[in-house]
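The residues making up each chain are set out below.
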Amino acid sequence: MEKTKVGIVGMGTVGTGVARLLLDHGDRTARHAGRTLWLEHVIVRDVAKPRDVDLPAGLLSNDLDRLLADQQVTLVAQLVGGIEPARTIMLRLLESGKDVVTANKALLAEHGPELFDRARELGRSISFEASVAGGIPIVANISQCFGANQITSIRGILNGTSNFIITKMDQGLGDYTSALKDAQRLGFAEADPTMDVDGTDVAQKLAILSHLAFGVRQHWSEIPRRGIDSVSKLDVDYARQLGYRIKLIAYSEFTGDGLQMFVSPTLVRVGTPLAEVRDNFNAISVVGDAVGRVFYHGQGAGQMPTASAVVADMIDTAVGRARITFQTLKLWSKQESTIAMADPRKLRSGYYLRFQLIDKPGALGQVCTILGNHNISVSDVIQHKADLVDDQNIVPVVVMTHPTTEAQTAAAVEELNRLAIVHPATERLKVLD
Ligand code: NDP
Ligand code: HSE
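Residues numbered from 1 in each chain as written. Chains lettered and ligands numbered in written order. Predicted model: local features only at pLDDT ≥ 70, side-chain atom pairs only at ≥ 80, totals over all residues. Heavy atoms only, no water.

### Focus: the environment of Asn159
Thinking step 1. Examined against the element boundaries, Asn159 turns out to sit in the loop between β7 (151–157) and α7 (160–171).
Thinking step 2. According to the relative accessible area criterion, Asn159 is buried, its value standing at 3%.
Thinking step 3. Taking the C-alpha atoms as reference, Asn159 lies 9.5 Å from Ala283; in sequence the two are 124 residues apart.
Thinking step 4. Leave out the neighbours within four places in its chain, and Asn159 touches Asp196, Asp201, Val202, Lys205 and Asn282.
Thinking step 5. Polar side-chain contacts of Asn159 include one of 2.7 Å to the backbone nitrogen of Ser162. (Helix = DSSP H or I, 4+ residues; strand = E, 2+ residues; numbered from the N terminus. Buried < 20%, exposed > 50% of the residue type's maximum accessible area, 1.4 Å probe, protein only. Contact = heavy atoms within 4.5 Å. Polar contact = N/O pair within 3.5 Å; in protein donor to acceptor, adjacent residues only side chain to side chain.)

### Let's talk about the site of ligand 2
Thinking step 1. What surrounds ligand 2 is the set Lys105, Asn159, Gly160, Thr161, Phe188, Ala189, Glu190, Asp196, Lys205, Gly300 and Ala301.
Thinking step 2. Residue Glu190 places a side-chain N or O atom 2.7 Å away from a nitrogen atom belonging to ligand 2.
Thinking step 3. For ligand 2, an oxygen atom lies 2.8 Å from a polar atom in the side chain of Lys205.
Thinking step 4. Across the shell around ligand 2, the residue classes break down as three nonpolar, four polar and four charged. (Near = heavy atom within 4 Å. Nonpolar A, V, L, I, M, F, W, Y, C, P; charged D, E, K, R; others polar.)

### Overview of the pattern of salt bridges
One side chain can pair with another of opposite charge once the charged atoms of both are near each other.
Thinking step 1. Per the counting criterion, the structure on display carries 30 salt bridges.
Thinking step 2. The salt bridge partner of Asp170 is Arg240, with a shortest N-O separation of 2.8 Å. Of this pair, Asp170 sits in helix α7 while Arg240 sits in helix α11 (residues 233–241), and the two are 70 residues apart along the sequence.
Thinking step 3. On the basis of relative accessible area, Arg240 is assigned to the partly exposed category, the value being 35%.
Thinking step 4. Residue Asp201 pairs with Lys205 through a salt bridge whose shortest N-O separation is 2.6 Å. (Salt bridge = Lys/Arg side-chain N within 4 Å of Asp/Glu carboxyl O.)

### Re the pairing of strand β11 (residues 292–299)
Thinking step 1. The pairing of strand β10 (residues 281–288) with β11 spans eight bridges and is classified as antiparallel. Pairing of Ile284 across the sheet is with Tyr296, part of β11.
Thinking step 2. Connecting β10 to the next strand, β11, in antiparallel fashion are three residues. (Pairing = 2+ DSSP bridges.)

### Observations regarding the layout of surface pockets
Empty pockets left among the atoms are what a rolling probe the size of a water molecule brings to light.
Thinking step 1. For the second largest pocket, the calculated volume is near 440 Å³.
Thinking step 2. As for the second largest pocket, its lining consists of 21 residues, of which His211, Leu212, Ala213, Phe214 and Gly215 are closest to the centre.
Thinking step 3. Only α6 (138–145) and α10 (200–214) provide two or more residues apiece to the lining of the second largest pocket.
Thinking step 4. Here the element with the most residues in the lining of the second largest pocket is α10; it accounts for four residues.
Thinking step 5. In terms of residue class, the lining of the second largest pocket is built from nine nonpolar, 10 polar and two charged. (1 Å grid on protein atoms, 1.4 Å probe; cavity = no way out; pocket = protein on both sides within 12 Å on 5 of 7 lines; lining within 4 Å. Points joined across faces, edges and corners; volume = space filled by probe spheres on them.)

### A short note on the domain arrangement of the protein
Thinking step 1. For the protein, the domain assignment lists domain 1 (3–134 + 305–329), domain 2 (138–300) and domain 3 (345–432).
Thinking step 2. Here domain 2 and domain 3 have C-alpha centroids that lie 26 Å from each other.
Thinking step 3. Tallying the contact residues gives 23 residues for domain 2 and 15 residues for domain 3.
Thinking step 4. Carbon and sulfur atoms supply 66% of the area buried between domain 2 and domain 3, which totals about 1700 Å² over both sides.
Thinking step 5. When residues of domain 2 are sorted by the area they lose upon contact with domain 3, Tyr238, Leu242 and Leu267 head the list and together hold 33% of the total.
Thinking step 6. One can count two salt bridges joining domain 2 with domain 3.
Thinking step 7. For Glu427, the salt bridge goes to Arg226, with nearest N and O atoms at 2.9 Å.
Thinking step 8. Where domain 2 packs against domain 3, one counts five residue pairs in polar contact (both at pLDDT 80 or more). (Domains from an automatic or database assignment. Buried area = accessible area lost by both parts, 1.4 Å probe.)

Take a look at the structure:
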């Protein structure tokens, strides 16, 4: 059988999974590719580090130049995270005549236009299925299988680490810190987990999906975003009592005003598909005007689910399909999208508001009056048990609103926070219904 000689740069969590699939399941990949994917080089930073996979002698090195110079290797999985040296390695791989497969969404969200232009100039391809939602084949689906549709909505849970943490908090199986440590130990988190929990990783993935679906070139940093790092256990519990779960939602949707995008902890009603996504799982709901709603669910982080997506891209590249898709889609080409971005302040949704009120007669009345003055209609009010804080009785009061705009709730909460009866730390979360 013919061989395609391949390399891997970076053999941490994902690279190790890729090496395992190539070495232990070569028969499967050969059946799908019609040729053997022959692992010829594995490049890491530190060759002395213990590895969790038995590599044939001579494969492992820290000599990238040796891989670049090997003209027989035409396909490389680039699995180094972050921006640099990942960007330079990617450019050097392309320039030395190799097609590249990557899982690095941070790099693509930051330097996609440069890297894709360069690959096109050089006649090479970049495949990146694993960069969004790990093992869920969402990149191929959105960019190819929805070809007959105008996609109108993408809503999803796109970070396994955050979903793992918030699931454990909701189930009472750990606090934020212990759950984050478990996510790191299990290989879901990034080398620096800040981007997992502060919404950056999700904004990067949403920027990639929105480019594929809508052609927009919205930089991830311009997407309004908040992560789960500021969500308290108190709100997770209050939301559950109201029949909701808090999930880190990525949202990209056509409204009358244009495309609305945000990343935010959001209340999702228990029993709806997104609310039932647990642990490191991700899910994406996509609506196309011809097909209707399609729902994807699977492991969005972790060694083997992510490696599954990387190796599928390697097969596609070895067969020659990846290059055709890459050249046809013209991703991140200079062509501008005609789709307008909507004003995020006009986005309408229900809101969960939690006020810490000083327990005084008329306090709740003042809150409702100010909400009313801002034209915000209340659907539910729940007063929780008071607690003694700084010698004052503080009562958490949760107000659920009917749909209103981001601008109206922001203005109302700002005014309420100035009242003497409102103790600091008002919480304001969207509700997805
Ligand atoms: P790790 O931190 O576990 O592994 C990174 C690897 O890159 C290590 O093997 C490291 O070498 C190697 N490396 C770093 N710098 C260099 C260098 N200059 N030259 C050669 N090798 C280098 O990361 P992950 O495997 O978790 O993630 C890899 C990519 O996949 C990231 O972009 C991540 O965002 C993405 N991803 C990760 C998922 C996951 O579940 N973990 C899921 C989806 C995407 P050494 O081992 O010697 O230190
Ligand atoms: N750190 C990422 C996550 C890996 O937790 O989802 C998958 O991109």
